[in-house]
Amino acid sequence: MIAEMVRLRLMGPRERIGDVLDVLQDVGVFHPAHVRSTRVDALAGGAGRDRRARQLQRLLADLDFVLERLPGENDHDTGRDEEPAPRVEVARLADWAKLARRTRRELTRLAAERAELAEERGVLERYRAYQEGFSRLLPREPDPDRIRILPLVLEAGRSQDRLRDGLDALLGEDYELRTEPLEGGEVAAVLLMPAGRSARVDELLGEAGVRELPAPPGLETRSLEEAVPAIYERLVVLDERERKLESRRQALADARTGELTTARAAVRDRLAELAALGRVATTHRAFVLEGWVPEEFEAGLDRRLRKSFGGLIVVEHVARETWDEEAEETPVVLHNPRLLRPFEAITRMLPLPQYGSIDPTPFVAVFFPAFFGLILGDVGYGFALALLALVLHVRSRDGTLLRSVSEIAGACAAASIVFGFLYGEAFGDLGRRLVGLRPLVFDREEALVPFLALAVAIGFVHIVLGLVLGMIAAVRHRQTREAAGRGISALMVVLVAVALLTAVKILPGGFFTPAVIALLIAFPLLIVAEGLLAPLELLSTLGNVLSYARIMALGTASVMMAVVANRMVGATGSVLVGVVFALLFHTVNFALGLFGPTVHGLRLHYVEFFGKFYSPGGASYRPLRHWEPATDEPGEPMSPPDAPAA
Amino acid sequence: MEVFWLGLSAALAVAIPALATAWAQSRIGAAAAAALAEKPELGTTVVLMIAIPETMVILGFVVALMILLGGG
C-alpha cells in the first residue's frame, strides 16, 4: 500500500536553519518541498549556496575519480550501521580537496607509467615470438666473415616458391633457405648465403616484397643470437617495474582510502543539505521549510526537534485540503508487509503510482506467481527454479534488487510445484512414467479446451478486478462519472460472461434473457458515463480477457516440449545420446519456461490489468538523509527508514 | 480431403499471425535497439513492448486449436 503522508511546516530563527537541516538529515525522514506561502521573501542561500555546491561537485568528481581507481572495496561507504559522516567544516573541506587532487595527480601519473610499460611489453612479446622462431633456424657456429645470415618474414603461400626460384637463378646452389611456420600464418625464414653476394639478393628481396625481420626498439644493433635473451631480460625488468607501480598504488590505497571514503560521504551529505537549503524560504528574521513525512514518523520527528531545539522550532501541519489535489507532488512510499515487499520491484518497473491511488503490489504478489505456476506447471522445473532462487538468495544482499528477484523466483517456484502436482507433470510426462504421477485436475496434453476455458476465466476475474479497483480509485478521488463508468464496464463484462455461459449451457437458460436485458440497459448508461467511445473501450476490454488465452498457449507449448524431450531418449539408437539430447531439450525448455511466463505475466499485469486502474506519475520519496550506497540510484524510491531516534 | 482442409486451415491460422507478429517484432526490435543505445534504462519497457504483438499468434494458435477440435 501507499503510506499516508503528512505535510509539515517548520519555522524558526533564521540563524538556526543550518542546525535544523543537520537534525533533519540525522533523522532522515523529511522530504523537502517548495514553500507555498507568499509571505516569505526569498529562498535561503542564493548565489553563495550555488557557489558552494559547485565547489563540492568538483570535489566529489575528484573523490569519485580516485576511489574508482584505488584498489580494494570502495563502494561500502558509511553504511546504515556505522556512524554518519562528519559534518563538513570549511578547513576539513580544504584538506580533503588537497588530498583528492594530490591523489588524482599521483594516480594519473601511475596510470601513464603503466600504459607505457604495457605498450613496451606488447611490442616485446610480439618480437619475442618472431625471434624464438628464428633462433631455432640459426646455424650453430655462424661465420659472419664468409656467410651472411638474413632473417626474413615470408607470407604463407607461394612466396616461398617464388623466392627460391629467384635465388636459384641468382645464386645457383650457393645458398640455404631454412623456414619455420609462425603463429598467424607467416613463415620465418633464414637465408644463408655468401657474404659478397648480398647486394643483388637485397634487390631481389626488395622486388619480391619480402621483408627482413624487424628488430625491437633498443635492440637494433644486437645480433639475432643476442636479441632473444635481451628481450627476456627486458621483460623481467618490466615485470619488476609493474610490481613496483602496483605496490605504490596499493600503498596509496592503504594510506588514503579511509579518509577519501569518509570525505565522499560527507561531501554528498553536504550537497544534499545544500539542495534542501534551496527549498527554504526566509524572512528578515525567520526561516520557513515545508516538506513531507510519512505519518508514522511524524511524532518521532517532532520529539527529536523538541529535544534538540526546545520550543524554538515550530512544527505545524499544513491542512490536507491545500495539497490533496496535487497528487503528483506528494511523494510516494510503497509500504507493504514483508511477504509482499519483494513484489514492489515489479511495481517499480513502471513509474510510481500517484499518491492516493491504489498500490497494485498486493495483487501482483498473488497473481504473478499464479500465472507463472499456471504456465510452467511442472514439479521438476519448479524444484529447479527453487534451487536457482536459493542460489540467488545466498549470493545477494538484503535490500537489493537481486534479493527481491530471488524471493519472487521462490514464490513462482512454489506455484509451479503446486500446479505441477495438479497437472500431474514432472519434467513433462517423466513423472508419470517413472513414479506414476497422475493429474489431480486435468492433463494439459489432452484437456486443451478446459485449459483454455480456465485461462479465459482467470482473465475475466483479473480484468473485472482491475475495473473494480479503477472504480474504487475514482470514488476516492471523488470522480463520480469515472467511477460510474468503471463500475458499469465491470458489470457489462460480467453480464457478457453470463450470457456466453448460458449460451453454451454451462449456466441455466433462464439467465440469458435477464443478462441481455441488463446489457441493453447498461449500454446507454455506459455511453453517458464514459462518452461515445465507451463501446470501443468495452470491446477492447473483452479483447483483453481473450488475451489471457496466452496462459493456455504457453503452458501447452511447455508441456509438449517436455514430452518431446522425454521421447528423445528412445528416438536415437543410443540411450546415452538420447539422454544427452533429452537433457539439452529440457534445459532449453526450462530456460524458455523462465523467460516466457515472466515476460507474459508482466505484460498481462502491465497492459491488461494495470490499464484499468493504475495512475502513474507519483513523485519519488527522497528525504534529506545521510548518503548510503544502496540508495544512490536516480528514481529509486526508498522504503520508510527505521523510526527516528527519540 | 476434409482432413487436409482442416489441417491447412489450422496451419494458416497460426502461420499468418506468426508472420505478422514476426514483422511487427522486427520493427519494434529495431526501434528498441536504437532507443536502448541512448537510454539503457528503458530495457524493461522495451522487452514488454516486444512481447505485445505476440497476442496475434497466441490467438491464432487458439483459433487453430478450435478448428482442429471442432473438426474432430
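As the structure is a computational prediction, the values presented were derived from the model and not from experiment.

*Asks:* Could you give me a rundown of the overall build of chain B, with the residues and numbers involved?
*Replies:* A tally of helices and strands in chain B yields 3 helices and 0 strands. Tracing chain B from N to C terminus, the helices and strands come up as α-α-α. What you see for chain B is a C-alpha radius of gyration of 17 Å, clearly larger than the 11 Å of a compact globule of 72 residues, by over 25%. Judged by the C-alpha coordinates and their principal axes, chain B covers about 55 × 15 × 10 Å. When each of the 72 residues of chain B is scored for burial, the buried share is 18%. Summarising the internal contacts of chain B: among those between residues at least 6 apart in sequence, 73% fall at separations of at least 24.

*Asks:* Can you break down the overall build of chain A residue by residue, with the values?
*Replies:* A count of helices and strands for chain A gives 19 helices and 12 strands. Evaluated residue by residue, chain A yields a buried proportion of 33% over its 646 residues. Once local pairs closer than 6 in sequence are excluded, the contacts in chain A between residues at least 24 apart make up 78%.

*Asks:* Describe the pairing of strand E6 (residues 187-194) of chain A, naming the residues involved and giving the relevant values.
*Replies:* The side chains of a regular strand alternate, first on one face of the sheet and then on the other. Residues and elements named next belong to chain A. Relative to E6, strand E4 (residues 147-154) is paired through 8 bridges, and the arrangement is antiparallel. Bridge pairing in E6 places Val-153 opposite Ala-188. Bridge count between strand E5 (residues 176-181) and E6: 6 bridges; the pairing is antiparallel. Across the sheet, the residue bridging to Glu-176 is Leu-192, located in E6. A loop of 5 residues connects E5 with E6, the two strands running antiparallel in sequence, and Gly-184 in this loop sits at a positive phi of about 90°.

*Asks:* So what about the interface of chain B and chain A? Which residues, and what values?
*Replies:* At the junction of the two partners, chain B supplies 12 residues and chain A supplies 15 residues. Of all elements in the fold, only helix H2 (43-51) and helix H3 (54-70) of chain B reach the threshold of two or more residues within the side of chain B that touches chain A. Its residues assigned to classes, the side of chain B that touches chain A shows 10 nonpolar, 2 polar and no charged.

*Asks:* Give a detailed account of the domain arrangement of chain A, specifying residues and quantitative values.
*Replies:* Under the domain assignment used here, chain A contains domain 1 (129-228) and domain 2 (341-618). Averaged C-alpha coordinates put domain 1 of chain A and domain 2 of chain A at centres separated by 74 Å.

*Asks:* How would you explain unusual backbone geometry if you had to name every residue and give the values?
*Replies:* Residues and elements named next belong to chain A. For Phe-427, which is not a glycine, the phi torsion comes out positive at approximately 50°. On the basis of neighbour count, Phe-427 is assigned to the buried category, with 23 C-beta atoms found within 10 Å. Although it is not a glycine, Arg-478 sits at a positive phi angle of roughly 55°. Looking at where Arg-478 falls in the secondary structure, it is placed in the loop between helix H14 (448-476) and helix H15 (480-503). Classification of Arg-478 by C-beta neighbours within 10 Å gives exposed; the count is 9.

*Asks:* Describe helix H11 (residues 379-394) of chain A, and please don't skip the residues or the numbers.
*Replies:* Residue and element names in this part refer to chain A. Compared with the 22 Å implied by 1.5 Å per residue over 16 residues, the 23 Å span of H11 between its first and last C-alpha is a close match. Along H11, the positions that sit buried rather than exposed are Val-379, Tyr-381, Gly-382, Leu-385 and Ala-389. Down the axis of H11, the smallest arc covering the buried residues is 155°, so these residues share one side. Exposed residues pointing more than 90 degrees away from the buried face of H11 are listed as Leu-387, Val-391 and Val-394. Those residues of H11 that are buried lie in contact with helix H10 (361-376), helix H12 (401-423), helix H13 (430-435) and helix H19 (575-609).

*Asks:* Account for the nonpolar core, naming residues and giving values.
*Replies:* Judged by nonpolar contacts, the single largest core of 68 residues is most densely connected at Phe-371, Cys-412, Ala-455, Ala-549 and Ile-551 of chain A. When residues of this core are traced back to their parent elements, those giving at least two are H10, H11, H12, H14, helix H18 (549-571) and H19 of chain A together with helix H1 (2-38) and H3 of chain B. Per element, the largest residue contribution to this core is 11 residues, and it comes from H14 of chain A. If you look at the next biggest cluster of nonpolar residues, it comprises 33 residues, including Ile-2, Met-5, Ala-33 and Phe-287 of chain A.

*Asks:* Mind laying out the pairing of strand E1 (residues 5-13) of chain A, listing which residues take part and the relevant values?
*Replies:* Residue and element names in this part refer to chain A. With 9 bridges connecting them, E1 and strand E9 (residues 286-294) associate as antiparallel partners. Residue Gly-12 lies in a different strand from E9, and its bridge partner there is Phe-287. Of the strand pairs in this sheet, E1 and strand E10 (residues 314-317) are connected by 4 bridges, and their pairing is antiparallel. Bridge assignment links Arg-9 to a residue of E10, and that residue is Glu-316.

*Asks:* Residues and numbers for the sheet that holds strand E7 (residues 211-212) of chain A, please.
*Replies:* Neighbouring strands of a sheet are bound in pairs by backbone hydrogen bonds; such pairs are parallel or else antiparallel. Residue and element names in this part refer to chain A. Spatially, 4 strands are ordered E5-E6-E4-E7 in an open sheet, and the strand pairing comes out antiparallel. Since the sheet does not close on itself, it has two edges, and those belong to E5 and E7, each with one partner. Both E4 and E7 contribute to a ladder of 2 bridges, which runs antiparallel. In the strand pairing of E7, Val-153 is matched with Arg-211.

*Asks:* Can you break down the packing of H1 of chain B against H2 of chain B residue by residue, with the values?
*Replies:* All names here are of chain B. For the pair H1 and H2, the least separation of the axes is 9 Å and the interaxial angle reads 175°. Between H1 and H2, the angle is such that the two are roughly antiparallel. Together, Gln-25, Ile-28, Gly-29, Ala-32, Ala-35 and Leu-36 of H1 and Gly-43, Val-46, Met-49 and Ile-50 of H2 make up the contact between the two elements. Considering only residue class, the contact of H1 with H2 consists of 7 nonpolar, 3 polar and no charged.

*Asks:* Outline the environment of Leu-422 of chain A, supporting the account with residue identities and numerical values.
*Replies:* All names here are of chain A. Mapped onto the elements of the fold, Leu-422 is located in helix H12. Of the residues examined, Leu-422 has 17 C-beta atoms within 10 Å and is grouped as partly exposed. Leu-422 sits 21 residues away from Asp-443 along the chain, and the two C-alpha atoms are 8.7 Å apart. Non-local contacts of Leu-422, meaning those with residues more than four positions away in its chain, are made with Pro-439, Leu-440 and Val-441.

*Asks:* Describe in detail helix H16 (residues 512-530) of chain A, supporting the description with residues and values.
*Replies:* For H16 of chain A, with 19 residues, the first-to-last C-alpha span of 26 Å sits near the 27 Å given by 1.5 Å per residue. Just past H16 of chain A, the residue Gly-531 of chain A takes up positive phi, approximately 95°.

*Asks:* Describe the environment of Arg-268 of chain A, naming the residues involved and giving the relevant values.
*Replies:* Residue and element names in this part refer to chain A. Residue position: Arg-268 is located in helix H6 (residues 224-277). Look at Arg-268 and you get buried, because 21 C-beta atoms sit within 10 Å. Separated by 283 residues in the primary sequence, Arg-268 and Ile-551 have C-alpha atoms spaced 48 Å apart. Once residues lying within four places of it in the same chain are set aside, the contact partners of Arg-268 are Leu-60 and Trp-627.

*Asks:* I'd like a description of the packing of H19 of chain A against H2 of chain B, backed by residues and values.
*Replies:* Direction vectors running N to C along H19 of chain A and H2 of chain B enclose 90°, while the axes themselves pass 10 Å from each other. When the axis of H19 of chain A is compared with that of H2 of chain B, the two are roughly perpendicular. Across the interface between the two elements, Val-599, His-600, Leu-602, Arg-603 and Tyr-606 of chain A of H19 of chain A pack against Val-47, Leu-48 and Ala-51 of chain B of H2 of chain B. Across the contact of H19 of chain A with H2 of chain B, the residue classes tally to 6 nonpolar, 1 polar and 1 charged.

*Asks:* Tell me about the confidence of the model for chain A, and name the residues and values.
*Replies:* All names here are of chain A. In the predicted model, chain A carries a mean pLDDT of 84, and the fraction of residues at 70 or more is 88%. Contacts of residues 75-81 to residues separated by more than four positions or lying in other chains number 12 contacts, the stretch itself having pLDDT below 50. For the stretch residues 631-646, pLDDT sits under 50, and the model shows 34 contacts to residues farther than four places along the chain or on other chains.

Reading the values: rules and limits
- Residues numbered from 1 in each chain as written.
- Chains lettered and ligands numbered in written order.
- Predicted model: local features only at pLDDT ≥ 70, side-chain atom pairs only at ≥ 80, totals over all residues.
- Helix = DSSP H or I, 4+ residues; strand = E, 2+ residues; numbered from the N terminus.
- Rg over C-alpha atoms; globule rule 2.2 N^0.38 Å.
- Buried ≥ 20, exposed ≤ 12 C-beta atoms within 10 Å, placed from the backbone.
- Contact = placed C-beta atoms within 7 Å.
- Pairing = 2+ DSSP bridges.
- Nonpolar A, V, L, I, M, F, W, Y, C, P; charged D, E, K, R; others polar.
- Domains from an automatic or database assignment.
- Expected span 1.5 Å × (residues − 1).
- Arc of directions from axis to C-beta.
- Core = buried A, V, L, I, M, F, W, Y, C linked by C-beta atoms within 7 Å.
- Axes fitted to C-alpha atoms, helices over the stretch in contact; angles between N-to-C directions.
- Parallel < 35°, antiparallel > 145°, perpendicular 65-115°, else oblique.
- pLDDT = per-residue confidence, 0-100.

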